[in-house]
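# Working through the structure, step by step
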Amino acid sequence: MNRKQAGIILTLLALIVCAGILAARVNGQVDDGTGSNLTSLPFTNTDKQTSNTKDYFYESRNDREQQDSQTMQNLKSIIEDKNTSANQKTEAQKELTALTMARDYETRIELSVKGKGFDDALCLIEGNKARVIVKSKDSLNEKQSIQIQESVASVSKIKDVVIEAKQ
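The rules we used
Residues numbered from 1 in each chain as written. Predicted model: local features only at pLDDT ≥ 70, side-chain atom pairs only at ≥ 80, totals over all residues. Heavy atoms only, no water. Salt bridge = Lys/Arg side-chain N within 4 Å of Asp/Glu carboxyl O. Helix = DSSP H or I, 4+ residues; strand = E, 2+ residues; numbered from the N terminus. Buried < 20%, exposed > 50% of the residue type's maximum accessible area, 1.4 Å probe, protein only.

## Here's the deal with the pattern of salt bridges
Applying the stated criterion across every chain, the model contains ten salt bridges. Across the salt bridge formed by Asp 104 and Arg 108, the nearest N and O atoms sit 3.4 Å from each other. In this pair, Asp 104 and Arg 108 both sit in helix 3 (residues 86-115), four residues apart, roughly one turn of the helix. Overall, the relative accessible area of 40% leaves Arg 108 in the partly exposed class. Of the charged contacts in the structure, one is a salt bridge between Glu 164 and Arg 131, with a shortest N-O distance of 2.8 Å. Of the two residues, Glu 164 is situated in strand 3 (residues 160-166) and Arg 131 in strand 2 (residues 129-135); the sequence distance between them amounts to 33 residues. Owing to a relative accessible area of 32%, Arg 131 belongs among the partly exposed residues under this scheme. Within the structure, one salt-bridge network assembled from shared partners comprises Arg 61, Arg 64, Glu 65, Asp 68, Arg 103, Glu 106, Glu 110, Lys 114 and Asp 120.

Given below as structure tokens:
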């Protein structure tokens, strides 16, 4: 893979991340039919737990994006450094490609799980293992767990899936 291909991959990754953020912001605003936006209403005591959960998903995504951006920047600097050996550059490019693909898979899995009727979802891929955290008031039933596992397998071909429900 040459620099041009790496640049194209990184550009596409940036576009995917931007589209995901935009979709989350657009889908996060719900109109209650009175013209006011539910996200702008003041929180009551019963809304605090919901707010904390939404904050959890938002903050987790934000942390993941910051960590991935920093890792990508470090890998890019290794690749672009003239003093780096060819072997190290190759390894850095492989890691960058793997990180880019994992990030794409995570976004696609999250959208797929949300499409199954869950309010929110967070996917974390580490190697050959995926961890999916879904927003659900009740514990997940077997059918829901199978749907999530199928979504992960169809997108990323990962069979080892840990599923958690968070209120």
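Read on, since the account is not over.
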